[in-house]
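Summary of structural features
Chain by chain, the residues run as shown.
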Amino acid sequence: MYTQALNNRETESPVSDPEREARFQARVDAEIKIEPNDWMPEAYRRTLIRQIAQHAHSEIVGMGPEGNWITRAPSLRRKAALLAKVQDEGGHGLYLYASAETLGVSREELVDQLLAGKAKYASIFNYPTLTWADIGTIGWLVDGAAIMNQIPLCRCSFGPYARAMIRICKEESFHQRQGYEIMLTLARGTVEQKAMAQDALNRWWWPVLMMFGPSDRDSQHTDLSMRWKIKRFTNDELRQKFVDATVPQAHFLGLEIPDRDLKFDDATGHWDFGAIDWAEFKRVIAGDGPCNRQRMAARRAAHQNGAWVREAALAYAQKSRRRAEAATAIAAE
Amino acid sequence: MSENWPLFEVFIRTRNGMAHRHVGSVHAVDAKMALQNARDVYTRRGEGLSIWVLPSAAITASDPADKDMLFEPTATKIYRHPTFYDIPDEVGHM
């Protein structure tokens, strides 16, 4: 339970406090969850705010590319499922903003950072959804990769984030299955439908592998995050897990992974895969992907166009409260 | 926008006979909207039979720094537990 009053933390001096830090680390090591009002190093707080906010922004921005297909879903069944999925993403964004807020930052500040271009969101949502098969691929691969990332986060040392992730993981499982079902239907359909599925896989495969973040050799945040038990596996470990799980699923569909270097290594039991184009990853993260401008413009428009609704709702609530108070006063006289 | 929407804590009774349990929070202009938002955000899969919302600012919480002072003394009061008392087996279940 997080009262805003308690979260108005005194501005802490940046001087490190080795004794408290040691006690904090001992709790983390003992797998004792850290709760919002517990003492924590400022860097831990900042890391979590950054990570949870990025995660929340990704959920919200991610509603766009899929929402794009709600009106064009090929059947009522698909439309209802896609609508429910996009609604879930909105809900996930809200759970995550709420858990970031327990660290003493407001949702409005976080949204402002996103709209000002000062916060990041998952690079994957800067790619376009050109055909219906993209919706299947997003559910199967993008949500599949997200689940791979998120399951270890259910054991994150920060209580509110871990609890939000448990809820989210339960709900994401439907997302992945509905996506795979779309792919299965296309793969078993006409020649054109199967080609459409293959085309979507070709375009999404590499960007999806980039979702796990930079290689461990280049990752800035991994060491501390592992020590603080925010992260449990490195980017490369999770990426490998994902490839191992996904390749057989693609084969079941009769689709080909667009990677000539892909081969099963009998000795390690893993699928070896080709080199990722990190220059593309950096370009997209830096704002120069195919749809970055479009996504941000959509967020800004939604925020601006909704401003009067937020203000009117607040004004109406204040007026209702004043009237109710006045009525009580008159009744008392 | 000048003012942020207040925060409400959300409690849900998941099954008949269970207590309401804290599940998270929502922003809303008033309690009525908080209930609607809580329904949309926290009960999309039949998770609830009943929802409580209350303004987060209305909650008074204990300070984690007082944890030892508040809760540690009970650790020594083992005579509050039934297993503290020796009853011969012949007496049967008690």
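Anything mentioned here points back to the structure above.
The shown structure was predicted, so the numbers you read here are calculated from the model rather than taken from an experiment.

A few words on the overall build of chain B. Counting secondary structure elements, chain B contains 2 helices and 3 strands. Order of helices (α) and strands (β) in chain B, N terminus to C terminus: β-β-α-β-α. The C-alpha atoms of chain B give a radius of gyration of 21 Å, which is well past the 12 Å a tight globule of 94 residues would have. Per-residue burial over chain B gives 24% buried out of 94 residues. Once local pairs closer than 6 in sequence are excluded, the contacts in chain B between residues at least 24 apart make up 42%. Surface accessibility of chain B: about 6800 Å² in total, with carbon and sulfur atoms responsible for 56%. Separation between the mean location of the 10 positive side-chain charges and that of the 12 negative ones in chain B comes to 11 Å.

Residue and element names in this part refer to chain A. Closest axis-to-axis distance for the helix 3 (residues 42-67)/helix 7 (residues 159-187) pair is 13 Å, and the angle between their directions is 25°. Here helix 3 lies roughly parallel to helix 7, going by the angle between them. Crossing handedness for the pair helix 3 and helix 7: left-handed. Contact residues: helix 3 offers L48, Q51, I52, H55 and E59, while helix 7 offers Y161, M165, I168 and E172. A breakdown of the residues in the contact of helix 3 with helix 7 according to their chemical character gives 5 nonpolar, 2 polar and 2 charged.

In terms of nonpolar packing, the biggest core is built from 49 residues, with A:W132, A:W140, A:W204, A:W205, A:V208, A:F242 and A:L253 touching the most fellow members. Contributions of two or more residues to this core are made by helix 4 (76-101), helix 6 (132-153), helix 7, helix 8 (191-210), helix 10 (235-253) and helix 11 (278-288) of chain A. Sort the elements by how many residues they give to this core and helix 8 of chain A lands first, with 9 residues. Non-local contacts of A:W132, meaning those with residues more than four positions away in its chain, are made with A:W69, A:A73, A:P74, A:R78, A:L82, A:I182, A:L186 and A:M196. If you look at the next biggest cluster of nonpolar residues, it comprises 48 residues, including A:I230, B:I12, B:V29 and B:A38.

Facing the 28 residues of chain A at the interface are 24 residues of chain B. Buried area between chain A and chain B, summed over both chains or domains, comes out near 2400 Å², and the portion from carbon and sulfur atoms is 59%. If you look at where chain A meets chain B, you find 5 salt bridges. With a closest N to O distance of 2.5 Å, A:D88 and B:R45 form a salt bridge. On inspection of chain A and its partner chain B, the count reaches 11 residue pairs in polar contact (both at pLDDT 80 or more). Of all the elements in the fold, those that place two or more residues in the side of chain A that touches chain B are helix 1 (4-7), helix 4, helix 5 (107-115), helix 7 and helix 12 (292-332) of chain A. Element by element, the count of residues in the side of chain A that touches chain B is highest for helix 4 of chain A, at 8 residues.

Moving on to unusual backbone geometry. Trans is the prevailing form of peptide bonds, just as negative phi is the prevailing case for residues other than glycine. Residue and element names in this part refer to chain A. With a phi angle near 60°, E31 is a residue other than glycine that sits in the positive phi range. The backbone of K229 shows a phi angle near 55°, a positive value even though the residue is not glycine. Among the structural elements, K229 can be located in the loop between helix 9 (222-227) and helix 10.

Attention now moves to the sheet that holds strand 3 (residues 50-55) of chain B. Residue and element names in this part refer to chain B. Taking strand neighbours across the sheet as the criterion, the 3 strands line up as 2-1-3 in an open arrangement whose pairing is antiparallel. Looking along the sheet, the strands with just one partner apiece sit at the ends: strand 2 (21-27) and strand 3. Shown here is a sheet whose adjacent strand axes are inclined to one another by a mean of 30°, direction ignored. Bridge count for strand 1 (residues 7-13) against strand 3 is 6 bridges, and the pairing is antiparallel. Paired with R13 across the strands is S50, a residue of strand 3.

This part is about the pairing of strand 1 of chain B. Residues and elements named next belong to chain B. Of all 7 residues in strand 1, 6 are buried; the element is thus mostly enclosed. Bridging between strand 1 and strand 2 involves 6 bridges; their strand directions are antiparallel. When the sheet's bridge partners are listed, F11 is paired in strand 2 with H22.

Here is what the cut-offs are and how they apply
Residues numbered from 1 in each chain as written. Chains lettered and ligands numbered in written order. Predicted model: local features only at pLDDT ≥ 70, side-chain atom pairs only at ≥ 80, totals over all residues. Heavy atoms only, no water. Helix = DSSP H or I, 4+ residues; strand = E, 2+ residues; numbered from the N terminus. Rg over C-alpha atoms; globule rule 2.2 N^0.38 Å. Buried < 20%, exposed > 50% of the residue type's maximum accessible area, 1.4 Å probe, protein only. Contact = heavy atoms within 4.5 Å. Areas by Shrake-Rupley, 256 points an atom, 1.4 Å probe, with all protein chains shown as cover. Lys, Arg positive; Asp, Glu negative; His and termini not counted. Charge placed at Lys NZ, Arg CZ, Asp CG, Glu CD. Axes fitted to C-alpha atoms, helices over the stretch in contact; angles between N-to-C directions. Parallel < 35°, antiparallel > 145°, perpendicular 65-115°, else oblique. Left-handed = near helix turned anticlockwise from the far one by under 90°. Nonpolar A, V, L, I, M, F, W, Y, C, P; charged D, E, K, R; others polar. Core = buried A, V, L, I, M, F, W, Y, C linked by side-chain atoms within 4.5 Å. Buried area = accessible area lost by both parts, 1.4 Å probe. Salt bridge = Lys/Arg side-chain N within 4 Å of Asp/Glu carboxyl O. Polar contact = N/O pair within 3.5 Å; in protein donor to acceptor, adjacent residues only side chain to side chain. Pairing = 2+ DSSP bridges.

Treat this as a map of the structure, not an account of what it does.
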